[in-house]
Amino acid sequence: MIRNENFSIVEDLKEKIKEIVPTAFIDGNLDLNILKTMLGMESHEDRERFGLQWVGKSKAVLAAQQNSVGTLRPIYEKSRDFDNAQNIIIEGDNLQSLKIIQKSYYGKVKLIYIDPPYNTGNDFIYPDDYSDPLNQYLKQSGQIDEEGNAISSDIEITGRKHSKWLNMMYPRLVVARNLLSDNGVLLVSIDDNEYGHLKEVLDEIFGEEGHIATFVWRRRIGSSMSASWISADHEYVLAYSKNPEDVYIKGEERDMTKYNIPDGKGRFFASMPLTVGMNKNMRPGQWYELKHPVTGNGYYPAEGRVWAYYPPTMEQKIKEGKVLFPDDFPDRNMTSPRLKSYPEDAKRERKPLSTWIMEKKSTNEEDKLDGKYQIKSPKNEEGTRILKNLVGDSFFTYPKPLTLIKNLVDQFTEEGDIVMDFFAGSGTTSHAVMELNKEDEGNRKYILVQFPEKVNHQIFNTIMDITCERIKKAADELGVSASYKYFKLDSSNFREWTHTIENVEQLSEQIELWKSPIKENRSVEDVLYEVLLKGGFKLTSMIQRIEIDNTQFFVVDDNDQTIAIYLNQQVISQEVIREMKRFNLKQVWFLDEAFETDDDKKNSELQWKEEGIAFRSI
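Residues numbered from 1 in each chain as written. Predicted model: local features only at pLDDT ≥ 70, side-chain atom pairs only at ≥ 80, totals over all residues. Heavy atoms only, no water.

A. Just the environment of P171, in detail. As for its position among the elements, P171 is in helix α7 (residues 160-179). A C-alpha to C-alpha distance of 4.3 Å links P171 and A64, two positions 107 residues apart in sequence. (Helix = DSSP H or I, 4+ residues; strand = E, 2+ residues; numbered from the N terminus.)

B. Representation of unusual backbone geometry. Although it is not a glycine, E441 adopts a positive phi angle of roughly 55 degrees. The residue E441 is located in the loop between α13 (428-440) and β21 (445-450) in this model. At N521, a residue that is not glycine, the phi angle is positive and equals roughly 65 degrees. Of note, N521 is situated in the loop between α15 (504-513) and α16 (524-534). Note on N521: relative accessible area 74%, which makes it exposed. (Buried < 20%, exposed > 50% of the residue type's maximum accessible area, 1.4 Å probe, protein only.)

C. Local environment of a negative patch on the surface. Residues E596, D598, D599 and D600 make up a contiguous surface patch of negative charge. D598 gets classed as exposed once you look at its relative accessible area, which sits at 65%. (Patch = residues over 30% accessible without salt bridge, like charges linked within 9 Å, V, L, I, M, F, W, Y side chains within 5 Å. Areas by Shrake-Rupley, 256 points an atom, 1.4 Å probe, with all protein chains shown as cover. Salt bridge = Lys/Arg side-chain N within 4 Å of Asp/Glu carboxyl O. Lys, Arg positive; Asp, Glu negative; His and termini not counted. Charge placed at Lys NZ, Arg CZ, Asp CG, Glu CD.)

D. Spatial organisation of the side chain of T413. Of note, T413 is situated in the loop between α12 (402-412) and β20 (418-421). The class of T413 is buried, set by a relative accessible area of 2%. Within polar-contact distance, the side chain of T413 engages the backbone oxygen of V409 at 2.6 Å. In this structure the side chain of T413 is engaged in a polar contact, spanning 2.8 Å, whose partner is the side chain of R444. (Polar contact = N/O pair within 3.5 Å; in protein donor to acceptor, adjacent residues only side chain to side chain.)

E. Geometry of the packing of α12 against α13. Orientation of α12 relative to α13, taken along the N-to-C sense of each, is 60 degrees, at an axis distance of 9 Å. Between α12 and α13, the angle is such that the two are oblique. Crossing handedness for the pair α12 and α13: right-handed. Of the residues in α13, those in contact with L402, I405, K406, V409 and D410 of α12 are T428, T429, H431, A432, E435, L436 and E439. The class makeup of the residues in the contact of α12 with α13 is five nonpolar, three polar and four charged. (Axes fitted to C-alpha atoms, helices over the stretch in contact; angles between N-to-C directions. Parallel < 35°, antiparallel > 145°, perpendicular 65-115°, else oblique. Left-handed = near helix turned anticlockwise from the far one by under 90°. Contact = heavy atoms within 4.5 Å. Nonpolar A, V, L, I, M, F, W, Y, C, P; charged D, E, K, R; others polar.)

F. Looking closely at the pairing of strand β6 (residues 180-190). Within β6, nine of the 11 residues are buried, leaving the element largely enclosed by the surrounding structure. Strand direction decides the pairing type here: β6 and strand β8 (residues 234-240), joined by five bridges, are antiparallel. Bridging across to β8, V188 finds its partner in L238. (Pairing = 2+ DSSP bridges.)

G. Summary view of the pattern of salt bridges. Counted by the stated rule, this structure contains 27 salt bridges. Measuring nitrogen to oxygen at the nearest pair gives 2.5 Å for the salt bridge that ties E579 to R582. Taking the shortest distance from any N to any O, the salt bridge between K609 and E605 comes out at 3.0 Å. One end of the pair, K609, and the other, E605, are both in helix α18 (residues 598-610), four residues apart, so they sit about a helical turn from each other.

H. Molecular detail of the sheet that holds strand β22 (residues 485-491). Read from one edge of the open sheet, 10 strands run β3-β22-β4-β21-β20-β5-β6-β8-β7-β19, paired in mixed fashion. Only two strands of the sheet have a single partner each, and these edge strands are β3 (70-74) and β19 (356-357). As defined by bridge partners, strand β5 (residues 109-114) adjoins β6 across five bridges and the pair is classed as parallel. Across the sheet, residue L111 finds its bridge partner in β6, namely V185. Lying on the sheet, helix α5 (residues 94-105) is in contact with β3, β4 (88-91), β5, β20, β21 and β22; it crosses β3 at an angle near 80 degrees. Those strands touched by α16 are β3 and β22, and its axis lies near 130 degrees from that of β3.

I. Layout of the nonpolar core. Residues I112 and I565 are the most contacted members of the largest nonpolar core, which totals 67 residues. With 10 residues, α7 is the largest single contributor of residues to this core. With residues up to four places along the chain from it excluded, the contact list for I112 reads A176, L179, L180, V185, L186, L187, M420 and F422. (Core = buried A, V, L, I, M, F, W, Y, C linked by side-chain atoms within 4.5 Å.)

J. Molecular detail of the pairing of strand β17 (residues 338-341). As judged from the four bridges shared by strand β11 (residues 268-273) and β17, these two strands associate in the antiparallel manner. What sits directly across from P273, in β17, is R338. One ladder, built from two bridges, connects strand β16 (residues 323-324) with β17; its direction is antiparallel. Each bridged residue has a counterpart across the sheet, and for L324 the counterpart in β17 is R338.

K. View of the packing of aromatic side chains. In total, this model carries 21 aromatic pairs according to the counting rule given. Seen in terms of ring centroids, Y76 and F82 are 4.5 Å apart; in terms of plane orientation they differ by 55 degrees. Their pairing is tilted. For F82, a relative accessible area of 8% gives the class buried. Between F595 and F615, the aromatic rings sit 6.0 Å apart at their centres with planes inclined by 45 degrees, giving tilted as the arrangement. Of this pair, F595 sits in the loop between β26 (587-590) and α18 while F615 sits in strand β27 (residues 614-617), placing them 20 residues apart in sequence. Judged on exposure class, the residue F595 and its partner F615 are both buried. (Phe/Tyr/Trp six-rings, centres within 6.5 Å; stacked < 30°, edge-to-face > 60°.)

L. Summary view of the sheet that holds strand β25 (residues 561-566). Spatial strand order, β23-β24-β25-β26-β27: five strands in an open sheet with mixed pairing. Of all strands in the sheet, those bounded by a partner on one side alone are β23 (542-548) and β27. Adjacent strand axes in the sheet meet at a mean angle of 20 degrees when their direction is disregarded. Relative to strand β24 (residues 551-558), β23 is paired through seven bridges, and the arrangement is antiparallel. Bridging across to β24, M542 finds its partner in D557. Strands β23, β24, β25 and β26 of the sheet are contacted by α16, whose axis makes an angle of about 135 degrees with β23. Together, β26 and β27 form the strand contacts of α18, whose direction differs from that of β27 by roughly 155 degrees.

Set out below in structure tokens:
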């Protein structure tokens, strides 16, 4: 039955262990003890092995494999143009929310960017309770009475602070990997506090070969408030993928206007640097005296650089007439030999991406022409200023610059890709997607997940309120649509059988409740989205509501198939069935309550199968 289905990564692991769980492999070999741990089996292996270990790791590993017991309910009053929206906002704990959408979005997300809470020793709002994760979320978000599991602060020197942060991050990163497409990219912002630990964890989850790059950017001007004589002004963005060799990286188109020097034979060339940015200690074989073949004048590379070629290759370039000497061009103010380069000499059409993120374009000619494209980003002040201008306050201590996120999204995504941020914060990622779409006429979609953490403000009650207001204001400023579907994490819409029945009265009460499988105060739309997610359909599936014979059913188009779903707790009529058959259906889903008897249900199933349409009960 669909209502009882949950996506189980364990079953999937059995079929595609190497592809989906590289963490079970050490030096290319399957480690059965790691696999047993991930499958929930007891392991007695005590031998030491290479890898990052911390208190609670085994529970964190298992947490990534446990099914979620909740669902996502549509909140129409918080949505904008719900029926047509292709963007998603989810209010709730991100681990549970990601698990719930995992079946529907498995392998479909092109880029995940997250800026998780940095581990400063202060509180963070994700105190996972692996025994009852949904109940823990409901307590922390104030949806049920507060009982225990209080947020704690662990400012210690024993390593417990690191363990809590790693236990929080590990399962979320595992599920994030599952959501990425085969050529998708995970980008994680981090500072020095947990950079080393985070990289080891990501190496474990993706495999060391999954590391694409570590970007470095300057987030602020040196702080005079630093406790030491060193001011840590930089942060990192770690980039990982399942298949780095297949990752799309935009780079930058080469400037073809520089090929403007006539060679007298009807062709044009460019005068390019003949040195590269390494010193003679790094490349001693490329630091030598280069002599003019006629005049004998000698030249050495500039300080901190070496020639681009070893001597034999350089001699060949000279014979081919590819080296320009100052001796031959006395009127060009040349001080060092340069490379004569034609457009076809370029190794690729676009410049590769540098890991050094610059605040503005370099003015150093050697740097500019070394053939690399650098992402540009201002410091954190931009993030603070933009957020304050849009919603009236900065709220966050260090919101990321819009330019940084936009340029990262630009480099790793194309038309129509899905971009996700499950530590959404002030909504910078959604703002970046909207602005980039306007600039290049793209159609990227975003999925945001954010815990409804309380804020002390007269207008806004939670971070989610700030996120939504920013999206609205940014869209208005850009002149684009701010549409999104808003969902909220909650318990399942279906009743659960209580196993702790102690007397006949409790049994009678339980039986009475089960006359209806759906909880009170849950709408048919709540149930619809729960079964769609359990069935692997996206939250943006096209849905038609068909009303007939004083009842209704839904026709859903997604995943290249059309299905009809009947969610009424009354026996289905032949008129409704005839109306369903008007559509080119691949599947039909019915509540069990749509049939008076099991025989009726079985007969209906056989009739649908005779027409080549799959039948499923809910």
